[in-house]
Amino acid sequence: MRYLLHLITRYPFSSLLIALIWYLCFFTPPETKLEDVKNIDKWTHTAMYLFTCLVIWAEYLHKHTHVGWNRVILLAWAAPVIMSGVIEILQAHCTGGRRSGEWLDFAANTIGATIALAIGILWARCHAKE
């Protein structure tokens, strides 16, 4: 628990975005005209995880002079992907039919996190040369 509090205080923007993802994944969204856009839900999932993971990278690189590759990949890629899977399972089984967990949502989340991983690795390598 102490480590979790440490992460929240050390990475406040990332923590806020993660909390926002949890909220957005369990509230009942209003109906909008955007629902007519093909795959808007998947694009939204990809963008949400891309942006969140890039913020994790940014906060990590801002706070560290040396990149601990195993740690940053765990925090900025693996943890969000695992969180995404947990959310999709919970949506499928714990929302009383208000939300549905979908494998394609999980795939879109993973794609967003993976794009952020590629950008983050390039960013870290450029950051190290400064």
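See the structure printed just above.
Our subject in this report is the structure included herewith. (Residues numbered from 1 in each chain as written. Predicted model: local features only at pLDDT ≥ 70, side-chain atom pairs only at ≥ 80, totals over all residues. Heavy atoms only, no water.)

## What to know about the side chain of Ser-84
- Secondary-structure assignment places Ser-84 in helix α4 (residues 69-94).
- For Ser-84, a relative accessible area of 0% corresponds to the buried category. (Helix = DSSP H or I, 4+ residues; strand = E, 2+ residues; numbered from the N terminus. Buried < 20%, exposed > 50% of the residue type's maximum accessible area, 1.4 Å probe, protein only.)

## Things to note about the pattern of salt bridges
- One pass over the full model with this rule turns up three salt bridges.
- A salt bridge links Glu-102 to Lys-42, with the nearest nitrogen and oxygen atoms 2.9 Å apart. Placement of the pair is Glu-102 in the loop between α4 and α5 (103-129) and Lys-42 in helix α3 (residues 40-63), with a sequence separation of 60 residues.
- The class of Glu-102 is partly exposed, set by a relative accessible area of 31%. (Salt bridge = Lys/Arg side-chain N within 4 Å of Asp/Glu carboxyl O.)

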